[in-house]
Amino acid sequence: MPKESPLIDRLGGTPVLKRTLDVRYERVLRDSLLAPFFKGTKMSSLRLHQLKFLRYFLSDGRMTVDVTDVMLEKHMSMFEERDLSAVHFDRFVTLFVDSLKACGVRSQGLLDETHEIMAPLRQIFVIGAQEYGGSVKSQEDAETSKEHNRKGLRRLLGLGKQKG
């Protein structure tokens with residue numbers, strides 16, 4: 001399949017993505033670093049949400065939508081109450097790539113591309129830990145930090161027009 005095709009198609013499409021999510025969440029729930037974040041979570045709903053997000057994101061949707069605010073909002077309580085950080089994101093992505101391998105994706109080029117596409121999302125977890133994890137000293141510093149971090153993230157994700 002030509003490189004111009006969306007990554008999701010080159011990985012094997014929705015069927016491979018569904019199997020990969022099943023494998024990844026089996027691994028996540030056994031992982032001592034990540035499992036606590038999913039305690040009490042309705043996994044079928046989470047898998048469906050992740051499938052929709054990844055199907056869009058791996059189909060070049062990342063170039064048209066700013067996910068920063070949505071992802072920060074969705075994870076805010078975990079930043080505040082459970083010290084969610086980029087370390088957790090790194091493990092989550094590693095398990096995703098490993099799960100792709102387990103589901104038959106053998107091309108190291110595709111696995112590397114998947115990791116590269118997901119890597120800019122890491123900054124959302126850096127920002128979330130800084131903004132909501134208590135590392136910013138004053139409200140004024142917090143607002144300045146938020147805007148600076150979000151503008152940088154929008155540039156990193158390749159989003160055209162920035163808010164602000």
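Residues numbered from 1 in each chain as written. Predicted model: local features only at pLDDT ≥ 70, side-chain atom pairs only at ≥ 80, totals over all residues. Heavy atoms only, no water.

A. Representation of the overall build of the protein in the model. Assigned secondary structure in the protein consists of eight helices and zero strands. The secondary structure elements of the protein, listed N-terminal to C-terminal, are α-α-α-α-α-α-α-α. In the protein, buried positions account for 45% of the 164 residues. A separation threshold of at least 6 residues defines the contact pool for the protein, and within that pool the share at least 24 residues apart is 71%. Total accessible area on the protein is roughly 9100 Å²; 52% of this is exposed by carbon and sulfur atoms. (Helix = DSSP H or I, 4+ residues; strand = E, 2+ residues; numbered from the N terminus. Buried < 20%, exposed > 50% of the residue type's maximum accessible area, 1.4 Å probe, protein only. Contact = heavy atoms within 4.5 Å. Areas by Shrake-Rupley, 256 points an atom, 1.4 Å probe, with all protein chains shown as cover.)

B. Fine view of helix α2 (residues 13–30). The end-to-end C-alpha distance of α2 is 26 Å, a good match for the 26 Å that 18 residues give at a rise of 1.5 Å each. Turning to α2, its buried residues are G13, V16, L17, T20, L21, V23, R24, Y25 and V28. The inward-facing, buried residues of α2 abut α1 (7–11), α3 (43–57) and α5 (86–102). (Expected span 1.5 Å × (residues − 1).)

C. Local environment of the packing of aromatic side chains. One pass over the structure, following the stated rule, counts seven aromatic pairs. Relative to F57, the ring of F53 lies with its centre 5.3 Å away and its plane at 15°, an arrangement referred to as stacked. Here F53 pairs with F57, and both are found in helix α3, just four residues apart, close to one helical turn. Residue classification places F57 among the buried residues on the basis of a relative accessible area of 2%. Ring centres 5.0 Å apart and planes at 25° place the aromatic pair F89 and F125 in the stacked group. You can see F89 sitting in helix α5 and its partner F125 sitting in helix α7 (residues 122–132), a full 36 residues away along the chain. (Phe/Tyr/Trp six-rings, centres within 6.5 Å; stacked < 30°, edge-to-face > 60°.)

D. Summary view of the pattern of salt bridges. Tallied over the full model, the rule gives five salt bridges. Of the charged contacts, one joins D90 and R122 as a salt bridge, the two residues approaching to 2.7 Å between their closest N and O atoms. Of the two residues, D90 sits in helix α5 while R122 sits in helix α7, which places them 32 residues apart along the sequence. The exposure class assigned to R122 is partly exposed, which follows from its relative accessible area of 33%. Note that D98 is salt-bridged to K101, the shortest N-O span being 3.8 Å. Highlighted residues: D98 and K101, both in helix α5, separated by three residues, approximately one helical turn. (Salt bridge = Lys/Arg side-chain N within 4 Å of Asp/Glu carboxyl O.)

E. Focus on the packing of helix α4 (residues 68–82) against α7. One way to put it is that α4 packs onto α7 with a least axis distance of 9 Å and a crossing angle of 50°. What the angle tells us is that α4 and α7 run oblique. Regarding α4 and α7, the two cross each other, and that crossing is right-handed. For the pair α4 and α7, contact is made by T68, M71, L72, H75, M76, F79 and E80 and by I124, F125, I127, G128, A129, E131 and Y132, respectively. Its residues assigned to classes, the contact of α4 with α7 shows nine nonpolar, three polar and two charged. (Axes fitted to C-alpha atoms, helices over the stretch in contact; angles between N-to-C directions. Parallel < 35°, antiparallel > 145°, perpendicular 65-115°, else oblique. Left-handed = near helix turned anticlockwise from the far one by under 90°. Nonpolar A, V, L, I, M, F, W, Y, C, P; charged D, E, K, R; others polar.)

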